Amino acid sequence: MYFFFSEESREDYDRKKEDDKVSSLDELKMKLRAELPWNVIFHPTHCYINQLSSDGSSVQCSILVSQDMQMTASLHQVALPHLDDITFPSPASSVTQLSRVMDLLSHQISSTSPQDSDSHTTITLNLVLHLLIAIRDSSSSSITSVLWFICEQLRHLINSRQSYSPDFLIFASVFYNVSPHAYRFIRDSGKLVLPSYSTVRRITVSSAMSPSQEQSSNTFLHYVSQKFKSLSSSDYHVNLLIDEIHLRQYFDYVGGQVVGSAHNTMQAATTAFAFMITSVFSNMKEVVHVMPSCKMSGETLFDMTKRTIIGLERIGFKVIAVITDNNKINSKAMSFFSTPPSISTQYPHPSDASRPLFFLFDCVHVFKCVRNNWLNLKNEMRSMVYPSSIFIDVITRWWQIVNVKTPSKGDRLRNLYAKPLTLNDSPARQFLLYFLGWLKKWKDMDCNGKLTRETHFAISHTTEGLLKISDYCLHVLKAKYVLLGKFQTDSLEARFGQYRQLAGGQYLVSLRQIYECEKKIRLLSVLKLKMNGRPVTISDFSIDWSQYSESDNVTIPPVIIDSICDDDFVQCEDYLPVLVYIAGYCVHSIHKKLKCELCKEILTCSSGNVDQLHNSYIKGISRGGLLYPDEAVVTVVQVNYIVISKLCESENFRLLPNQRESAVQISLEMLADYDSTIMSENPCVHHSSQYLTKLILWASSNALLNNFCSVQNDFIKIDTKRRKLQTLS
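No experiment lies behind these values; they were computed from the predicted model shown.

**Q** Can you walk me through the sheet that holds strand 15 (residues 346-348) in this structure?
**A** Sheet strands pair by backbone hydrogen bonding; their relative direction is either parallel or antiparallel. Read across the open sheet, the six strands follow the order 13-12-9-14-16-15; overall the sheet is mixed. Sheet topology places strand 13 (285-293) and strand 15 at the edges, where each strand pairs with a single neighbour. Shown here is a sheet whose adjacent strand axes are inclined to one another by a mean of 25°, direction ignored. Across five bridges, strand 9 (residues 237-246) lies against strand 14 (residues 318-324) in parallel orientation. Considered in strand 14, the bridge of Val238 is made with Val319. On top of the sheet, helix 11 (residues 328-335) reaches strand 12 (271-279), strand 14, strand 15 and strand 16 (356-361); it is set at about 165° to strand 16, its chief contact. Of the strands in this sheet, strand 14, strand 15 and strand 16 are in contact with helix 16 (residues 453-476), which crosses strand 16 at around 145°.

Shown next, in the form of structure tokens:
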């Protein structure tokens with residue numbers, strides 16, 4: 001059907017359209033109908049249109065048209081940022097447009113009647129939200145963050161479908177990681193609208209900040225290299241703190257990775273050496289590397305220390321000193337920085353021989369050793385030659401000087417010896433020089449009341465090193481003052497305490513718990529930077545493994561499996577019933593994921609073939625719900641078992657970032673060489689045979705690698721029990 005318009009109709013339409021247009025306040029005054037149920041007030045600079053309440057006591061809604069013909073709308077004296085599809089301020093170009101805004105405002109007024117309580121609540125909350133947003137955007141005071149939080153809560157109350165802003169998700173993630181129990185309590189109480197637990201957990205899990213992913217040479221110091229971009233220049237001069245934490249020997253399989261072995265062997269790690277940097281001129285502190293160890297040597301620790309220092313220098317940090325406790329391995333490792341090896345307070349820097357690298361023992365550790373020496377004396381007076389009061393006074397004054405961590409401590413305590421060291425010849429510096437002479441005289445005295453040789457060397461070495469470091473910072477780095485309390489390992493010991501608390505208050509934590517706790521701490525650090533407006537995102541810390549080639553030893557293990565022979569299948573015949581059960585589990589997991597009945601029919605055998613010998617284990621434990629896998633599926637699992645068994649014999653297999661991916665990839669290659677016809681005829685058009693094979697290998701690798709960890713843990717328990725029996729016998 002066609003419609004034809006006469007010339008008169010077109011001219012009439014054009015005339016009405018032209019009459020509807022307004023371009024000035026005077027034109028609007030002439031064209032606006034006088035019989036409107038609204039009050040219209042014209043002024044030389046604006047036009048004010050409003051509708052009063054029934055009793056005339058208040059303005060329910062209004063429209064303001066400015067001299068440049070821009071209109072804004074208000075509801076209950078609150079400016080509206082938008083109304084339906086109109087965003088204010090909006091051009092007032094026609095009378096029809098003004099009438100539409102009036103109709104929309106009238107509808108808003110009518111929808112807030114007492115009979116419609118839900119709509120009334122929504123409209124009221126919207127008005128409050130618009131008002132708070134206007135206050136927030138126009139305010140620069142400290143209440144801005146509070147108003148932002150209130151606005152976010154109101155927005156979630158108004159919208160039935162929750163859509164959280166990125167800033168609020170960051171806040172919720174920090175809250176959840178600080179205290180999951182408090183987060184659950186507040187969310188379950190209904191006092192605040194917070195994201196679900198799965199939402200905030202996904203943010204944590206998606207981040208790639210675990211130290212376990214930095215064991216490869218390609219990803220070494222990856223986290224701190226990204227964190228460096230958000231630091232200020234005052235954070236660049238750092239100390240390297242090194243200490244070890246004792247671990248519970250345990251293997252874990254998580255995320256496709258076997259965790260728990262030492263860095264250079266497949267044996268379970270007994271300790272973890274943590275490398276932390278702390279800024280000399282700020283509060284910045286970060287654990288840059290965690291090295292699991294079983295039996296550490298001085299040479300190995302030296303190599304890792306040197307590698308860490310050079311890596312930090314390449315990133316942009318300036319490593320001033322290395323600080324450890326008075327352990328012989330630490331001293332031996334640091335001695336290799338000179339030729340021939342010797343223990344000194346100052347070495348040539350491995351990155352720049354013209355710069356010094358200082359070496360100190362932790363003052364807290366030295367102070368503890370002095371206390372133990374004094375308590376363990378054989379004489380009854382425990383006087384250490386000097387009277388006890390004098391000795392305690394000297395040691396206490398030394399501790400007051402080396403434990404200054406804030407510039408105002410001396411003024412607050414009214415103690416000259418608790419002030420930072422400066423260019424002026426301060427009493428604290430004079431005392432440290434006197435203290436070195438006092439220690440030398442004490443060492444030369446022929447008596448029994450002395451410190452042990454190790455403790456005496458440590459306190460003398462540390463005092464001399466602190467004097468050299470203070471001179472370097474004041475004269476070379478041009479620092480105004482030096483806080484000697486910055487040259488301690490307290491921050492690293494506190495981090496160890498965090499690990500134990502986050503792991504449930506355990507003293508002996510596993511390597512996996514160390515990695516997960518450090519990952520959570522790093523995530524909190526990044527999220528707090530984001531909350532403070534720093535240009536940093538979580539995705540910056542992700543590792544793109546695809547950028548590394550096979551020659552980098554990242555995706556392909558250094559152990560080579562040329563082929564699988566018939567003897568390999570003969571050796572696993574004893575485990576065949578168990579492997580068949582695992583194959584049935586793989587089929588079950590695939591069907592649960594794909595929901596494809598055709599694939600399930602292909603991967604399982606018919607009822608007439610279930611009486612075979614290798615199905616005996618499933619028949620013995622099944623109550624009718626277990627699946628009997630097809631022979632091709634069993635073959636795939638057998639090949640995967642043989643590959644994983646050979647890979648686990650290689651110590652280099654532990655170095656891979658994801659053992660599961662490597663096992664699946666090599667198994668696929670072995671299957672291609674062994675029998676290319678496995679599952680080749682697949683009538684399912686949605687899922688290819690290769691895709692199904694990969695899913696089978698993925699599920700079986702999870703089961704087999706998890707079993708590998710369980711077997712290793714059983715050996716550890718047996719060995720621990722044997723050693724305890726030997727100790728008690």
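Let us keep going from here.
**Q** Please explain the packing of aromatic side chains as it appears in this structure.
**A** Working definition: an aromatic ring pair is given by the centre-to-centre distance plus the angle between the planes. One pass over the structure, following the stated rule, counts 28 aromatic pairs. Ring geometry for Trp148 and Phe168: centres 6.2 Å apart, planes at 50°, overall tilted. Here Trp148 is found in helix 5 (residues 144-158), whereas its partner Phe168 is found in helix 6 (residues 166-178), with 20 residues between them in sequence. Among the residues examined, Trp148 registers a relative accessible area of 23% and is labelled partly exposed. With centroids separated by 6.4 Å and ring planes inclined at 45°, the aromatic side chains of Phe171 and Phe175 adopt a geometry described as tilted. Highlighted residues: Phe171 and Phe175, both in helix 6, separated by four residues, approximately one helical turn. Feature note: the residues Trp148, Phe149, Tyr164, Phe168, Phe171, Phe175, Tyr176, Tyr183 and Tyr197 constitute an aromatic cluster, connected by ring pairs. In this structure, Arg248 is placed above the aromatic ring of Tyr250, and the distance from its NZ or CZ to the ring centre is 4.7 Å. One Lys or Arg, Arg307, reaches over the ring of Phe220 and ends 3.9 Å from the middle of that ring.

**Q** Please explain the environment of Ala172 as it appears in this structure.
**A** Note that Ala172 resides in helix 6. We classify Ala172 as buried; its relative accessible area is 0%. Between the alpha carbons of Ala172 and Thr199 there is a distance of 9.6 Å; along the sequence they are 27 residues apart. When residues no more than four places from it in sequence are discounted, the contact partners of Ala172 are Tyr183, Pro195 and Val200.

**Q** Would you take a moment to explain the nonpolar core for this structure?
**A** One recurring pattern in soluble globular proteins is that nonpolar side chains are buried together. Ranked by internal contacts, the top residues of the largest apolar core, which has 88 residues, are Leu240, Phe275, Ile277, Leu312, Phe317, Trp398 and Phe435. Setting aside residues up to four positions removed in sequence, Ile277 forms contacts with Val224, Val238, Asn239, Leu240, Met284, Lys285, Glu286, Val288, Leu312 and Phe317. Core analysis: the next-biggest nonpolar cluster, separate from the first, contains 48 residues, Cys599, Val636, Ile642 and Ile644 among them.

**Q** For this particular structure, what's the right way to read the pattern of salt bridges?
**A** Pairing is possible between side chains of opposite charge, provided their charged atoms come close. Under the defined criterion, the tally for this structure stands at 17 salt bridges. Residues Asp411 and Lys419 are paired through a salt bridge, measuring 3.5 Å at the closest nitrogen-oxygen approach. The class for Asp411 is exposed, based on a relative accessible area of 52%. The partner of Asp719 in a salt bridge is Arg722, and the shortest N-O contact between them spans 2.3 Å. With Asp719 and Arg722 both in helix 25 (residues 689-728) and three residues apart, the pair spans about one turn of that helix. The exposure class of Asp719 is partly exposed, given its relative accessible area of 31%.

**Q** Looking at this structure, I do not really get the pairing of strand 12. What am I missing?
**A** On a regular strand, each side chain points to the face opposite its neighbour's, so the side chains alternate between the two faces of the sheet. Most of strand 12 is tucked away: nine of the nine residues are buried. Of the two faces of strand 12, the one lined by Thr271, Phe273, Phe275, Ile277 and Ser279 and the one lined by Ala272, Ala274, Met276 and Thr278 are each fully buried. Taken together, the nine bridges between strand 9 and strand 12 define a ladder with antiparallel strand orientation. Note on strand 12: the bridge partner recorded for Leu240 is Ile277. Where strand 12 folds back onto strand 13 in an antiparallel hairpin, the turn is made up of five residues.

**Q** Before we go on, may I ask you to explain the packing of helix 23 (residues 631-648) against helix 25 in this structure?
**A** Any two packed helices are characterised by the angle at which their axes cross and by the distance between the axes. Interhelical geometry of helix 23 versus helix 25 gives an angle of 45° and a closest axis separation of 9 Å. Overall, the two elements helix 23 and helix 25 adopt an arrangement that is oblique. At the point where helix 23 passes helix 25, the crossing takes the right-handed sense. Residue-level contacts link Val633, Val636, Val637, Asn640, Tyr641, Ile644 and Cys648 of helix 23 to Thr693, Ile696, Leu697, Ser700, Ser701, Leu704, Leu705 and Phe708 of helix 25. Per-class residue counts for the contact of helix 23 with helix 25 are 11 nonpolar, four polar and no charged.

**Q** So what exactly am I meant to see when it comes to the environment of Asp471 here?
**A** With respect to the helices, strands and loops of the structure, Asp471 is situated in helix 16. Using a relative accessible area of 26% as the deciding quantity, one classes Asp471 as partly exposed. Sequence-wise, Asp471 and Leu423 are 48 residues apart; in three dimensions their C-alpha atoms are separated by 8.4 Å. In contact with Asp471, not counting residues within four places along its chain, are Arg429 and Val476.

So, how was this worked out
Residues numbered from 1 in each chain as written. Predicted model: local features only at pLDDT ≥ 70, side-chain atom pairs only at ≥ 80, totals over all residues. Heavy atoms only, no water. Pairing = 2+ DSSP bridges. Helix = DSSP H or I, 4+ residues; strand = E, 2+ residues; numbered from the N terminus. Axes fitted to C-alpha atoms, helices over the stretch in contact; angles between N-to-C directions. Contact = heavy atoms within 4.5 Å. Phe/Tyr/Trp six-rings, centres within 6.5 Å; stacked < 30°, edge-to-face > 60°. Buried < 20%, exposed > 50% of the residue type's maximum accessible area, 1.4 Å probe, protein only. Lys NZ or Arg CZ within 6 Å of the ring centre and 35° of its normal. Core = buried A, V, L, I, M, F, W, Y, C linked by side-chain atoms within 4.5 Å. Salt bridge = Lys/Arg side-chain N within 4 Å of Asp/Glu carboxyl O. Parallel < 35°, antiparallel > 145°, perpendicular 65-115°, else oblique. Left-handed = near helix turned anticlockwise from the far one by under 90°. Nonpolar A, V, L, I, M, F, W, Y, C, P; charged D, E, K, R; others polar.

Distances and angles like these do not, on their own, reveal function.
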